[in-house]
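Residues per chain, in single letters:
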4 protein chains.
Amino acid sequence: MPHTRDQDVPIRQLLAGMKGFRARYYERRPDSMRQLVEEGQKPKILMIGCSDSRVDPALLTQAEPGEMFVVRNVANLVPPYQPDGSYHGTSAAIEYAVRVLQVSHVIVLGHALCGGIQGLIRLRKGEPDQNDFVSPWVSIASAALDPYIPPAQGDTDEERRKAEFERLQQKPDVIERAAVRTSVDNLMTFPFVRERVEAGTLELHGWWFDLDSGDLWAINSQTKMFEPVD
Amino acid sequence: MPHTRDQDVPIRQLLAGMKGFRARYYERRPDSMRQLVEEGQKPKILMIGCSDSRVDPALLTQAEPGEMFVVRNVANLVPPYQPDGSYHGTSAAIEYAVRVLQVSHVIVLGHALCGGIQGLIRLRKGEPDQNDFVSPWVSIASAALDPYIPPAQGDTDEERRKAEFERLQQKPDVIERAAVRTSVDNLMTFPFVRERVEAGTLELHGWWFDLDSGDLWAINSQTKMFEPVD
Amino acid sequence: MPHTRDQDVPIRQLLAGMKGFRARYYERRPDSMRQLVEEGQKPKILMIGCSDSRVDPALLTQAEPGEMFVVRNVANLVPPYQPDGSYHGTSAAIEYAVRVLQVSHVIVLGHALCGGIQGLIRLRKGEPDQNDFVSPWVSIASAALDPYIPPAQGDTDEERRKAEFERLQQKPDVIERAAVRTSVDNLMTFPFVRERVEAGTLELHGWWFDLDSGDLWAINSQTKMFEPVD
Amino acid sequence: MPHTRDQDVPIRQLLAGMKGFRARYYERRPDSMRQLVEEGQKPKILMIGCSDSRVDPALLTQAEPGEMFVVRNVANLVPPYQPDGSYHGTSAAIEYAVRVLQVSHVIVLGHALCGGIQGLIRLRKGEPDQNDFVSPWVSIASAALDPYIPPAQGDTDEERRKAEFERLQQKPDVIERAAVRTSVDNLMTFPFVRERVEAGTLELHGWWFDLDSGDLWAINSQTKMFEPVD
């Protein structure tokens, strides 16, 4: 894999960053890393976030190594419980965090301007797509669209339906938040999650980060509605 | 979801962290975030890392928002190309990063002391497991074990085989690195990855972070062997 | 200067920190430092802070290299204008910042739990001291005490005076803030400061950081009184 | 002090930075600050640095609150011991750090591209200056110039002298480092410094930071010469 100078820059920058990390966590203040190596990780939190480069969970929450076990996938989705022996990366991470690490909290962290949710809306709209994996994957949150755009039926007013899609594509916040809710609901389909939630040893959180304003919204545990935090 | 004081602490700390992020990226130095909101993300790198709380890719590389599109799953695995319409989170993220965002680099970032790789070794050893998802998931890297522990056969020397497992469980570095190699190989089974690699517009990298020493190893693009970087 | 292992640790840690700084500002993101080297510094702010290790102005304000020209001395004091040709470090820095760098703001940043202000109170109280420089230096702010503890006179009620000192030593906030005000007043005795303030090209700020609560207080430019900010 | 919008920006940014500091050190990870408030500061290091905005000691060394007692003045100078009862800010800070806080190390941190040292060279050259404080202050380091530019005498070759000044102004590194040495020497004129150094409980360090390359130089404790570190 020989490469040109310019293409190489981002890699050299990452390597310089690692040098900085090593200076900081292995030489400057080695205690916390040493402890994490010797005692193993004991995170209290499983964070399920989006792969989007603008919403890195560690940066957003100013975390230190060891604080959060993190899953990141397109649109921060949790599929339903489906123990069929095939490859389920997100479910495997949830299982590891809950059963092995015994975290106390699972947070599903959605965000504004999510490309995956835009894909979901286009998919429902019926736009042709040419991808192998993104469409099936984001269809996990398909139910999140139902209250806003009912599935197409013979007698639907086509004009009105089109206008509604237009509106949602312009302002998909409600879908992004509804998709977080779907993922939180799906978490409860995992038996080992449900039993811990019911026993009071595990809490589920649905968050949505407004990339535009910097505000965080969260599902209020009483009303079950999303509300700005703080 | 009412909760006790103590259990609540990690959540309140994350929220305080978000307040700090907002102060820093929306008030103190708003320019870069504003640009990322208005122009969209344009990361050059797809990073496929482990969910382990100790090896956060953004912290490890001192990244800023917008620099890396990040997938995190147990043991930083890439499954083979399997476009069967079911839920493939990691493959969807690879597709989105390569086809939509057109990143120039994909990095598979493995690390020492990986719980997922330990699970893989136990699985091959034949230890009984009681999980629904972790074992099928880590079996993606099963081929990584072959050069070290051949699959069980009728005539194998049982004592020697046991000793070899013992040794690998004590020092699984070679398996962790071999698993990174398997994931990089699997990346090449994705047609849209392969064609870009062959066209020279995409590079694949295999890295392994030695959590104990802080050193980074990378696959040398000439020799194809892992070597310490720098 | 050979030294034992233990005594050496803080130095080795600083050197590791510098390595991290170099990785970050010379390799990871070299642009801003390169610009500061090539174009010279152009800070908009002169910050006059205390030497206290807990109130570092750069950390407190999350500054980047190049943002603030910083003076730090015991109790963040500004002596009155005294151009007598002898060594005046703080005055030299003020002159350089205002006349050469042409900053737009001068901030005097005081703080709670200031050892220098405690020394000032003890000095007024008449406690014997055995220092060569600290007492003369902190006496710069002597006028700050006047409204609270009048200078000793023959007919003062000794008991009451003692109680008042006791009270001030327990809760010296008012003196710390009054000393900031004295320093801001002293800034106005510098002709080159006064003329710029009067011309509207320079602003003076008096701040006090409550180390206990983390709150910042500032002199309100209208009322001239200290008030919590935000 | 009413002010226009634009002039106000740097101040609003500092206030946002303080909000971020508060979020980080009072809410996110309150333990270390709480301890510093309750137990008082116990820094092991006195750092005497320059006011230059590009060489902030805390940023350069990636320090945390509580680690260093810091003096900053123009050209990081230490005047000679002069206990005459007038205002000596730097000497007061040295006294407080050494006698009250009992630090184990004093570091004089010089740097490349120092405006104060340029002033010193111009002063020796005989260029007219119109400042009240900077010239007297930087003259503290006057002896640093002697080996390079002997004080003017009747019989000096004027041309050669001029060329030497030219050369030094182009490349003042040697003077910057010699001035650090002068300051370290001056530290030894303070009786309370000398006795601790001789008792082995205090160490003096002379450092010079090459702003251009990011390299650090230090006085080798054996050879007494400046050498690149690492």
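Residues numbered from 1 in each chain as written. Chains lettered and ligands numbered in written order. Predicted model: local features only at pLDDT ≥ 70, side-chain atom pairs only at ≥ 80, totals over all residues. Heavy atoms only, no water.

Going by an unreviewed UniProt entry, chain A carries the name Carbonic anhydrase and comes from Azospirillum baldaniorum. According to the UniProt record, the Function (unreviewed entry) comment for chain A is "Reversible hydration of carbon dioxide." What the UniProt record of chain A gives under Sequence similarities (unreviewed entry) is the line "Belongs to the beta-class carbonic anhydrase family." (UniProt positions renumbered as here; feature names shortened; annotations may be inferred.)

> Sorry if this is basic, but what is going on with helix H5 (residues 115–125) of chain C here?
In terms of burial, H5 of chain C is a largely internal element, 8 of the 11 residues being buried. Those residues of H5 of chain C not exposed but buried are Gly115, Gly116, Ile117, Gln118, Gly119, Leu120, Ile121 and Arg124 of chain C. Contacts from the buried residues of H5 of chain C go to helix H6 (134–138), helix H7 (158–170) and helix H8 (173–187) of chain C together with helix H4 (89–100) of chain D. Positioned one or two residues after H5 of chain C, Gly126 of chain C has a phi angle of 95°, which is positive. (Buried < 20%, exposed > 50% of the residue type's maximum accessible area, 1.4 Å probe, protein only. Helix = DSSP H or I, 4+ residues; strand = E, 2+ residues; numbered from the N terminus. Contact = heavy atoms within 4.5 Å.)

> Got a minute to help me understand the interface of chain C and chain A in this structure?
Interface size, as often reported, equals the accessible area lost upon joining of the parts. Listed as interface residues are 9 residues of chain C and, on the opposing side, 9 residues of chain A. Across the chain C to chain A interface the summed buried area is about 910 Å²; carbon plus sulfur atoms make up 55%. Three residues, Gln13, Glu27 and Arg28 of chain C, lead the burial of chain C against chain A; their summed loss comes to 51% of the area buried on that side. For the pair chain C and chain A, the interface holds 2 salt bridges. (Buried area = accessible area lost by both parts, 1.4 Å probe. Salt bridge = Lys/Arg side-chain N within 4 Å of Asp/Glu carboxyl O.)

> What's the story with the UniProt feature "binding site: Zn(2+)" (unreviewed entry) in chain A in this structure? I'm lost.
Residue and element names in this part refer to chain A. Taking the UniProt record as the reference, the feature "binding site: Zn(2+)" (unreviewed entry) is found at Cys50, Asp52, His111 and Cys114. The greatest C-alpha distance among the residues just named is 9.2 Å, despite their covering 65 residues of sequence, which places them together in space. One can find Cys50 in strand E1 (residues 45–50). Among all residues touching Cys50, those that are not within four sequence positions of it are Val55, Arg72, Asn73, Val74, Ala75, Asn76, Leu109, His111 and Cys114. By the secondary structure assignment, His111 is in strand E3 (residues 105–111). Ignoring any residue separated from it by four or fewer positions in sequence, one finds His111 in contact with Cys50, Asp52, Val55, Asn76, Glu176, Trp208 and Phe209.

> What is the right way to read the relation of the copies chain C and chain A from this model?
Two copies of one chain are present, and they are related through a rotation about an axis combined with an axial shift. For the pair chain C and chain A, the best superposition has an RMSD of 0.0 Å and corresponds to a rotation of 180° with a translation of 0.0 Å parallel to the axis. Both copies of the chain, as the preceding transformation shows, are related through a two-fold rotation axis. Across chain C, the rotation axis passes nearest the C-alpha of Gly20 of chain C, at a separation of 2.2 Å. Take the interface residues of chain C: 100% of them recur as interface residues in chain A, which is what a same-surface contact looks like. (Least-squares fit on C-alpha atoms with pLDDT ≥ 70 in both.)

> Explain the relation of the copies chain C and chain D to me, please; I cannot follow it from the model alone.
With an axial shift of 0.0 Å and an RMSD of 0.0 Å, the rotation relating chain C to chain D amounts to 180°. Looking at chain C, 100% of its interface residues are interface residues in chain D too, so the copies touch through the same face.

> Is there a simple way to think about the interface of chain C and chain D in this case?
Opposite the 97 residues of chain C that make contact, chain D presents 97 residues. Summed over both partners, the interface of chain C with chain D buries about 8600 Å², with 63% contributed by carbon and sulfur atoms. At the boundary of chain C with chain D, the tally comes to 2 salt bridges. Notably, a salt bridge pairs Arg34 of chain C with Asp212 of chain D, separated by 3.1 Å at the nearest N-O pair. At the boundary of chain C and chain D, one finds 31 residue pairs in polar contact (both at pLDDT 80 or more). (Polar contact = N/O pair within 3.5 Å; in protein donor to acceptor, adjacent residues only side chain to side chain.)

> Even after reading the chapter, I still don't get the environment of Ser213 of chain D, so can you show me in this structure?
Counting through the fold element by element, Ser213 of chain D comes out in the loop between strand E4 (203–209) and strand E5 (216–219). Ser213 of chain D sits in the partly exposed class, given a relative accessible area of 30%. Once the C-alpha coordinates of Ser213 of chain D and Ala112 of chain D are considered, the two residues, 101 residues apart in sequence, prove to be 9.6 Å apart. Excluding residues within four positions of it along the chain, Ser213 of chain D makes contact with Arg22 and Tyr26 of chain C. Among the polar contacts made by the side chain of Ser213 of chain D, one reaches the main-chain amide nitrogen of Asp215 of chain D at a distance of 3.1 Å.

> Would you mind going over the packing of helix H5 (residues 115–125) of chain D against helix H7 (residues 158–170) of chain D with me for this structure?
For any two helices packed against each other, the geometry comes down to the angle between their axes and how far apart the axes lie. All names here are of chain D. Orientation of H5 relative to H7, taken along the N-to-C sense of each, is 170°, at an axis distance of 10 Å. It follows from the interaxial angle that H5 and H7 lie roughly antiparallel. Of the residues in H7, those in contact with Gln118, Ile121, Arg122, Arg124 and Lys125 of H5 are Arg161, Phe165, Leu168 and Gln169. Classifying every residue of the contact of H5 with H7 by side-chain character gives 3 nonpolar, 2 polar and 4 charged. (Axes fitted to C-alpha atoms, helices over the stretch in contact; angles between N-to-C directions. Parallel < 35°, antiparallel > 145°, perpendicular 65-115°, else oblique. Nonpolar A, V, L, I, M, F, W, Y, C, P; charged D, E, K, R; others polar.)

> Explain the packing of helix H4 (residues 89–100) of chain B against helix H9 (residues 191–199) of chain B to me, please; I cannot follow it from the model alone.
All names here are of chain B. In contact at an axis separation of 10 Å, H4 and H9 are set at 40° when each is read in the N-to-C sense. Taken as axis vectors, H4 and H9 run oblique relative to one another. When the axes of H4 and H9 are compared, the crossing they make is left-handed. Only Phe192, Val193 and Arg196 of H9 make contact with H4, whose side of the interface consists of Ile94, Glu95, Val98 and Arg99. Looking at side-chain class alone, the contact of H4 with H9 contains 4 nonpolar, no polar and 3 charged residues. (Left-handed = near helix turned anticlockwise from the far one by under 90°.)

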